Each structure stands twice: as C-alpha cells, then as structure tokens.
Amino acid sequence: LDFTNGTGHGLRAIGSIPLEQSNGRLVTAGGSETSFLATQRDLAIPSDEIGDIVIRARVDRGNFLRLGWIGARRTERDAFLRYKLDVRVNADNAFHTYVVNGRNVLQRGLRTGEPIAQLLLLPSDDPDARVEIEFVRLLSRAARFALAPNGVDYEQLGGEQRHVLYMRPDQTLEYTLATPPDEPRLDLGTGIL
C-alpha cells in the first residue's frame, strides 16, 4: 500500500474513521475496535512467504498502531479481538519507519497454508491523533537478501536467532582463517530460501 502515486490507496474506512489522500500520504486519525482501516479487496497473500512488515508513518498522539489480519473464513471483528499486533509508535509528529518481523506473527489465526485475505490497520490507539502514512509494505522473506549478492544477517530458525552468511546459489565464497592449534572446530548448517 503505497500512497505516493495518487491513484487510490487501497483502503476503506470501517466505522467513523476519517480517510483522505493528500500530498502522497494517507491522512487519517486514531480509531477504535469499531473504527479502523481495512483493505478494499481480498489480498490472497501467502502468509508463510512474508518476511517483514514495513510501515512509514507520522503520529502526533498515542502509544501504538495496531495491525490485524484475517484469513478467508474470519471477520474483521475477529481480527482486532484475536489476530493483531500492536506496534509502539513515536508520537512526536515526525516520520518514522517501523519494521516488524512478520514471519512468525502472521501465522496466528491462520490454518497452515491459508493466505491472508485482508489487512486491518488502527493508525493510533488515541482517537484524537492525526496520522499520516506514506506506505505499508509486506516484504517477502527473500527481499532483504536481494539487496546484496552476499553478506551477513540474522535468521530466526526453530525459535532460535542465528547468525547467517548468505549468498546466491551460483557463487563461491572463500575465506582465509587462522585456526587455533588445539582441536579447532567449525559448526555450521546450510539452507536454501
């Protein structure tokens, strides 16, 4: 959902929350469990392929924004009561980029392999807040690895945060190492994303 192109924003207001597009931003207010934003159409996004959720917004009041999601058999009301994530915001009226690891979070409330049918957004928990949103992006698990042909990062595997060295399949990486004289040992695993 990118609001800079001026061709529509892809969201609709549920309840009495205001909604307008101005200067490449979506301008709205805080809401409640009965006043929030929802995607206009079904999305059919495979939840197991989402890596990060990135939101760029300016908020002048409140403590958090809430992101909700539903599968094909849920209702909008189900999402905010059960399937939600509260993201702490800096309510200093300056733009900030919020990055959420969606790999594990978005699995709640969905059956295995069930796609996300709709996203819901409560821009602020303070109904009197003024909120401007530049974009909401769902990035694939591989998106962060596409920025460079190889590098170092972290990956969550089996509930454990692991340091990873990544590269494209057609590459060979070579390192010179100084090994300790007493029983050197190298533990590693491999994986393909």
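Scroll up a little and you will see the structure.
The numbers attached to residues start from 1 for each chain and follow its sequence in the written order. For this predicted model, a pLDDT threshold of at least 70 governs which residues receive local features, and a threshold of 80 or more governs which side-chain atom pairs are given and counted, while totals over whole chains, interfaces and linings are taken from all residues. Derived side-chain values reflect all non-hydrogen atoms in the structure, with water molecules and hydrogen atoms excluded from consideration.

Caption draft 1: Summary view of the nonpolar core. Nonpolar cores were defined as sets of buried Ala, Val, Leu, Ile, Met, Phe, Trp, Tyr and Cys residues, with membership established by side-chain atoms within 4.5 Å. Only protein chains enter the accessibility calculation, which uses a 1.4 Å probe; a residue is then buried when its area is under 20% of its type maximum, exposed when over 50%, and partly exposed in between. Counting residues in each nonpolar core, the largest one holds 29 residues, and the members touching the most others are Ile53, Trp69, Ile116, Leu121 and Ile133. Only DSSP runs of H or I covering at least 4 residues are called helices, and only runs of E covering at least 2 are called strands; the numbering of each starts at the N terminus. For this core, the secondary structure elements donating two or more residues are β6 (50-59), β7 (64-70), β8 (84-88), β9 (95-101), β11 (118-122) and β12 (130-140). Considering each element in turn, this core owes the most residues, five residues, to β6. Here, residues are in contact when the closest pair of their heavy atoms is within 4.5 Å. In contact with isoleucine 133, other than residues within four places in its own chain, are Phe3, Arg25, Leu26, Arg56, Ala57 and Leu121. The next biggest cluster of nonpolar side chains, apart from the first, holds six residues, and it includes Phe36, Ala38, Phe64 and Leu122.

Caption draft 2: Molecular detail of the pattern of salt bridges. The working definition used for a salt bridge is a side-chain nitrogen of Lys or Arg within 4 Å of a carboxyl oxygen of Asp or Glu. According to the stated counting rule, one finds ten salt bridges in the structure shown. Glutamate 134 is paired through a salt bridge with arginine 56; the nearest N and O atoms lie 3.1 Å apart. Residue glutamate 134 is found in strand β12, and its partner arginine 56 is found in strand β6; the two are separated by 78 residues along the sequence. Exposure remark for glutamate 134: the relative accessible area of 16% places this residue in the buried category. Two residues, arginine 58 and glutamate 132, come together in a salt bridge whose shortest N-O distance is 3.1 Å. Taken together, the residues arginine 58 in strand β6 and glutamate 132 in strand β12 connect sequence positions 74 residues apart. Glutamate 132 gets classed as buried once you look at its relative accessible area, which sits at 8%.

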